[in-house]
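# Residue-level structural notes
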Amino acid sequence: MSDVLSIAPRKPLLEVRNLVTEFPLRKGVFTAVKDLSFSIEAGKTLCVVGESGSGKSVTARSILQIVDAPGRIASGSILLNQADGSSIDLARLNPRGKQIRDIRGRDIAMIFQEPMSSLSPVHTVGDQIMEALRLHMNMSKAAAREEAVNLLRQVEIPNPNQAVDRYAFQYSGGMRQRAMIAMALACKPKLLIADEPTTALDVTTQAEILDLIARLQKSTGMAVLFITHDMGVVAQIADNVLVMHHGVAKEYGTVEQIFHSPQDPYTKMLIGSVLKLEQKAEIRLKRPPLDTTAKPILEVRNLVQHFGPVKALNDVSISLLPGETLGIVGESGSGKTTMGRAIMRLYDPTGGEMLYRKADGNVIDLAKIKGEELKAARRELRMVFQDPFGSLNPRMTVAQVIGEPLLVNGIARGKELDERVCHLMEQVGLDPAGRERYPHAFSGGQRQRIGIARAITLKPRIIVADEATSALDVSVRFQVLDLLMRLQDELKLAYIFISHDIGVIRYMCDRVGVMYRGQLVEVGEAEKVCTAPDHPYTQALLSAIPRPDPRDRDRSRRFRYTETTPIKNGSSAR
Amino acid sequence: MADIAITSVQPDRAAIASQWQLIWWAFKRHRLAMISLFVTIAMYIVALVPGFFAINDPTAQNARATFYPPQGIHFIDTTNGFSLGLFYYPLKLTRDPQTLAAIYKEDTTKKVPLALFGRGYEYSVLGLFTSDIHLIATTDKTKPLFLFGADRLGRDVYSRVVQGAQISLSIGLVGVFISLLLGIVLGGISGYYGGKLDFVMQRVIDFVLSLPTIPIWLALAAALPQNWPATLQYMMITIILSFTGWAQLARVVRGRFLSLRTEEFVSAARLDGVSEGRIIFRHMLPSFSSHIIASVTLAVPAMILAETSLSFLGLGLQPPTISWGVLLREAQNIRSIATAPWLFMPGVAVVIAVMALNLLGDGLRDAADPYNK
Amino acid sequence: MLRFIAKRLFWMIPSLFAVSFLAFVLIQLPPGDYVTTYIATLAASNEVIDQNTAAQLRERFGLDQPMIIQYIKWMWGIITRGDFGMSFEWQQPVSGLIWERMALTLALAIASLIATWAIALPIGVFSAVRKYSIGDYAFTVFSFLGLSIPSFLLALVLMYVAAVEFGQDVGGLFSHEYEAAPWSIAKMIDLMKHIWLPVIILAVSSTASLIRVMRANMLDELPKPYVTTARAKGLSEFRLLVKYPMRIALNPFISTIAWLLPNLISGSVVVAIVLNLPTAAPLLLQSLMAQDMYLAGAFVLLICALTLIGSLISDVLLALVDPRIRLE
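Bear in mind the structure is a predicted one, so any value in this text is a computation, not a measurement.

### Points about the overall build of chain A
- A count of helical and extended segments in chain A gives 21 helices and 20 strands.
- A globule of 574 residues ought to have a C-alpha radius of gyration of about 25 Å, and chain A, at 26 Å, matches this closely.
- Judged by the C-alpha coordinates and their principal axes, chain A covers about 90 × 55 × 50 Å.
- A total of 574 residues make up chain A; the buried ones form 48% of that total.
- A sequence separation of at least 24 residues applies to 67% of the contacts in chain A between residues at least 6 apart.

Written out as structure tokens, the structure reads:
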């Protein structure tokens, strides 16, 4: 007899086979998930990764049969293997029936992207956590409450005894997601489905939530199905990876295999675009160095912007050289967007100066001018907006949108206007034949090109780009970044590039300023700030960014910046 | 060029469809709303030239036709073989020998043909010129046709309902137009400038909206001298109705203005150097005009109902002006409607008009924003 | 929360003054005054009053003073003594005439409000959950029909049906023998026997619009992520429906009191006149016609004040049920 026990290959916790999920529409049927198969093992993490419209979210929802109406599982099976060896096919269950309801929340729990809207605004957080406990564990009210407090403590919510009676809107963004996790973990599920749980969060908060999930996974032994579009997150947490594109599985394998020897061209492209953002752009490296001795084209001095009691900008000073790309990086609420808008004079600054050096050498203060002078300055300073949908008037054709600045400034009209519009569209890589179309006929990336065309219409000297690529998928993102850099060289533009994404900043910026609570905490060469920053906040920010390499998972370097000593000038916006 | 994002442009109808086309396509899918649109158009055509659609002079009294019951129009004649035509039978009056109650029966021996585009009483077309051509006219003037019967003075209810459409339907439009002017100006100022002005305006709008309209209208209408000329009365009633009607529209306009003010495309236009006037008229107005049209369509029926109620109570328009509300005063007495239930016909007209406009407005509201699905 | 109510109450004061002033201006608007009307009435029976007597009458009623003085006097009387002035026509204090009628008006409005809610809420929810089902279409048609029928017409039709089909007279709020009787349990029961008809008539049109409101609210809430969250928790469809989307859709529903009450009171005016109910409306109409200004003014003032209080109550209720308003 051998003393080696023959271990029967353990059944995976969940097996999905040939899943097809459809949405019957007015005309025909839209198949969101096509013939998908994968499995999840107990205690492991499977990441489903894909761009928008890849069907990853629908896949997650299909498992619990909570696909939004009119979606339905058309065929395939979803086998949940129980501890006693039996298994249930979730795809066969009635979506409203008792059987699937017993599995939801007890065996398989789920958390979502928007913790704010995923929690009821009129019920306390405690109430919503207790609900699952009372439903599945038959707990008494008092016991459920006690357990809810425990759960909140487990997800590191301070003062859980009070927090349990608070409402979701009284929590911060990160706390809400923690509460969601506490709710999902209430009945100690075997599988946690997390649908983009960190997408709406800042990078430092994201790191904490990822840590929390990993820690809880370790202590409870649950499996995690993690849906995300962020390859960095995938590299950090996944055991296995499923790459989806247009409802189809492109590649399925271990994280090591996907990142270091991808087979499918789409996966390669996805990894490639992420890695591209890990270094400076090729176009940038080829360019001759900037003349750093030139007089700055724009000098912001002691800029202050208050909105009532809120101090959005607190004594910000920075300068921009001709032809330079200046990055502004920071988390939500840091004041970076306010700064861009203040420079464009969409706000009237509370204090400070914004000295703009015109082509003829004269200097004007953008903070003070108004009327015709402001109008003239706005011809030379242009803006590209974040939201490619909201920033284009849906009721105007693309030709009208791009041509509007030329028309209202009396520069061109009629046939000449049409020719200029065609030329501009070609410049940003759009086919001029589409100029009579309305914005709704274009994709996000194309719309952002329209926005860029509008920005360069008046031959500006400075362009302020506010999160210009944040709403775009990775594969489209660097195309737009490359376009911006090409135009910069062609048209001798200076950019102020506002972003929350260090990768994008590193890819395209010469210098970068880091903002934190309305103040600039650090300004320096992009390369230096992005690799060896001086300020502890920047260091914390960098440490939180998930590295797109599964071999580099060292979490010990990660830390959160806490304002121990007041930063310069004392009063930070709090 | 380095990269062409759109490699080929397919001629796609939706891609080059303007806002109004998209709205129209969305609206067309709404079957009830489409029917309502046709009903509404038909009603307003009638209201434009009621004389053409009327059969008898709506003001003419006929002592022998008191509470004359409704008559039908016949198309098929079987008395003498089979023939098609357009005719009616006059009614023959007999009395129940016991109760002496009037019994009307069709006298099938006397067939009176109807003429399409025939000549009848003379009427004025919008005060521009007169005509005596009617859609249908009886060929025997001594035996008038009462489609919806006659009232206590023997006046033709059908022709009066048709004539009443002019006042009742137009009062809604004019009243809403005045409300809209007030609403756009006040709501627009409030929403565009914001701040303290907006705060004050908001309180005023809230206040006006919290007032019960009918007692106020009653009090205002009671102030109108009864002997004023009809046109002056008409104008005053519309102004009275607009007195409270503007607040609802002002609130809609303000809300739209406020949400549009923060839209990025409006900021973008400002940065493009677009003047304030052009921002309002070229960027903001097209964005909410469809919503305004929907709100207006929904406000018209409310005005029609209000006029009807006021006139019904005797505080709105006064006879001899003919509006649906004035006509319904005839139905006030339970005894007269017990003998002549057809006096409710103006009420049926009100219900159809109001329902068509409500459904139309509802369909328009659903279709008003083709970009936010 | 207390601060919220205090603030809201504070805002009531200017509104109430505005309403009282409005009421006063409204009843002052008609050319001439009560004396003019009085002379006209007498002239109809061939009695002639000379200028002197008219002036004396005016002086006695205080009609010779400027409007603003009359207003201040009137207001002072109301605030200090609850005295709404004299009714010229009835030759007795207004306050003696109005209270019972106002109480019945209020009772009618509240009964209609409750009926409206009780019908509209479940139907609205049903229509939204079973969107585009046969039931939804049926209720939609019903609600549009209800919206389109003027309440007085409905009252007339129902009276006609009752009279012709059942040979019954359905006007009034009391049977003959109770009309002048003092309040008693039997009179209350008699009131209940009569009030259902006006309540139905009033509830029809407001129910119709409220069904649309509730349906739209529910349709807004149903696709929200928190509903999916609740579903993912394993709640049954019915339980999650009642606990989440319905609960949240209720908030804008409650705020409808603010416009529902004025609408109901407005509607009740016309219906009361048609059905000859002993509420404020018929007397208001009569006093307006006769330019009995203090009586008419008291009615307009009290009716408007009632709706203002209604919107106050709706705001307070809203704050009570919605923590977002209560805690921010």
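### Considering the overall build of chain C
- Of regular secondary structure, chain C possesses 15 helices and two strands.
- Across the 328 residues that make up chain C, the buried fraction comes to 42%.
- Considering only contacts in chain C between residues 6 or more positions apart, those separated by 24 or more positions represent 74%.

### Here we look at the interface of chain C and chain B
- Contacts between the two partners involve 40 residues from chain C and, on the opposite side, 33 residues from chain B.
- If you list the elements that add at least two residues to the side of chain C that touches chain B, you get α1 (2-28), α6 (134-148), α7 (151-165), α12 (257-275), α13 (280-289) and α14 (293-321) of chain C.
- Looking at side-chain class alone, the side of chain C that touches chain B contains 35 nonpolar, five polar and no charged residues.

### As for the UniProt feature "transmembrane region" (unreviewed entry) in chain C
- Feature annotation in UniProt assigns "transmembrane region" (unreviewed entry) to the following positions: residues 9-29, 102-125, 137-163, 195-214, 248-275 and 295-321 of chain C.
- Between the end C-alpha atoms of residues 9-29 of chain C the distance is 30 Å, and the span holds 95% helix and 0% strand.

### What about the UniProt feature "domain: ABC transporter" (unreviewed entry) in chain A?
All names here are of chain A.
- The positions UniProt marks with the feature "domain: ABC transporter" (unreviewed entry) are residues 14-271 and 298-542.
- What you have in residues 14-271 is 38% helix and 27% strand, and the ends, taken at the C-alpha atoms, are 27 Å apart.
- The span residues 298-542 is 38% helical and 26% strand by assignment, and the distance between its end C-alpha atoms comes to 28 Å.

### What about the interface of chain C and chain A?
- The interface is formed by 20 residues belonging to chain C together with 25 residues belonging to chain A.
- At the level of elements, α9 (225-232), α11 (245-254) and α15 (323-326) of chain C are the ones that each hand at least two residues to the side of chain C that touches chain A.
- By residue number, the principal contributor to the side of chain C that touches chain A is α9(C), which donates six residues.
- The residue inventory of the side of chain C that touches chain A, partitioned by class, reads nine nonpolar, four polar and seven charged.

### So, the sheet that holds strand β20 (residues 519-525) of chain A
All names here are of chain A.
- Reading across the sheet, the six strands line up as β16-β17-β18-β13-β19-β20 and stay open at both edges, with mixed pairing between neighbours. Either end of the sheet is taken by a strand with one partner, and the two such strands are β16 (381-384) and β20. Pairwise comparison of adjacent strand axes, ignoring direction, gives a mean angle of 20° for this sheet.
- Running at roughly 150° to strand β18 (residues 494-499), helix α13 (residues 336-343) makes contact with β13 (325-329), β17 (462-466), β18 and β19 (511-516) of the sheet.

### Things to note about the environment of A:Leu381
Residues and elements named next belong to chain A.
- Locating Leu-381 in the fold gives a position in strand β16.
- Overall, Leu-381 belongs to the buried group, with 24 C-beta atoms counted inside 10 Å.
- Between the C-alpha atom of Leu-381 and that of Ala-109, which follows or precedes it by 272 residues, the distance is 50 Å.
- Other than its neighbours up to four places away in sequence, Leu-381 contacts Met-344, Pro-460, Ile-462 and Val-464.

### Remarks on the confidence of the model for chain A
- Confidence in the prediction for chain A averages 88 pLDDT; 96% of positions are at 70 or higher.
- Here residues 565-574 of chain A is a poorly scored stretch, pLDDT under 50, and it has 16 contacts once near neighbours within four places are set aside; other chains count.

### A few points about the environment of C:Leu277
All names here are of chain C.
- In this fold, Leu-277 is placed in the loop between α12 and α13.
- Assessed through the 25 C-beta atoms surrounding it within 10 Å, Leu-277 is described here as buried.
- The sequence separation of Leu-277 and Tyr-132 amounts to 145 residues, and the corresponding C-alpha distance is 40 Å.

### Focus: the confidence of the model for chain C
All names here are of chain C.
- Looking at chain C as a whole, the pLDDT averages 82, with 96% of positions reaching at least 70.
- Within chain C, no element has a lower average pLDDT than helix α2 (residues 34-44), which sits at 72, and none a higher one than α9, at 91.
- The complex model carries a pTM of 0.83, and its ipTM stands at 0.82.

### Regarding unusual backbone geometry
- Residue A:Pro70 follows A:Ala69 across a cis peptide bond; omega there is 5°.
- Structurally, the position occupied by A:Pro70 is in the loop between α1 (56-63) and β4 (72-81).
- In this structure, B:Pro320 follows B:Pro319 across a cis peptide bond, with omega equal to 10°.
- Along the chain, the position of B:Pro320 falls in the loop between α9 (276-312) and α10 (324-328).
- Notably, A:Gln65 is not glycine yet its phi reads approximately 55°, a positive angle.
- With respect to the secondary-structure elements, A:Gln65 resides in the loop between α1 and β4.
- One non-glycine residue, A:Glu467, adopts positive backbone phi at about 50°.
- Note that A:Glu467 resides in the loop between β17 and α18 (474-491).
- The class for A:Glu467 is partly exposed, based on 19 C-beta atoms found within 10 Å.

### Quick word on helix α8 (residues 185-221) of chain C
- Along its 37 residues, α8(C) runs just 45 Å from first to last C-alpha, ending more than 12% under the 54 Å computed at 1.5 Å per residue.
- A maximum bend of about 35° is found in α8(C) at C:Ile195, where proline C:Pro198 lies one to four positions downstream.

### Some remarks on the pairing of strand β11 (residues 298-307) of chain A
All names here are of chain A.
- Here β11 runs beside strand β12 (residues 310-320); their pairing, made up of seven bridges, is antiparallel. When the bridges of β12 are listed, His-306 appears paired with Lys-311.
- Taking the residues that link successive antiparallel strands as the turn, the β11-β12 hairpin has two residues, and the phi of Gly-308 there is positive, at about 60°.
- Of the pairings in the sheet, the one linking β11 to strand β14 (residues 351-357) comprises five bridges and is antiparallel in character. Following the sheet pairing, Val-300 is matched in β14 by Met-354.

Analysis parameters
Residues numbered from 1 in each chain as written. Chains lettered and ligands numbered in written order. Predicted model: local features only at pLDDT ≥ 70, side-chain atom pairs only at ≥ 80, totals over all residues. Helix = DSSP H or I, 4+ residues; strand = E, 2+ residues; numbered from the N terminus. Rg over C-alpha atoms; globule rule 2.2 N^0.38 Å. Buried ≥ 20, exposed ≤ 12 C-beta atoms within 10 Å, placed from the backbone. Contact = placed C-beta atoms within 7 Å. Nonpolar A, V, L, I, M, F, W, Y, C, P; charged D, E, K, R; others polar. UniProt positions renumbered as here; feature names shortened; annotations may be inferred. Pairing = 2+ DSSP bridges. Axes fitted to C-alpha atoms, helices over the stretch in contact; angles between N-to-C directions. pLDDT = per-residue confidence, 0-100. Expected span 1.5 Å × (residues − 1). Bend = angle between axes of the 7 residues up to and from the residue.

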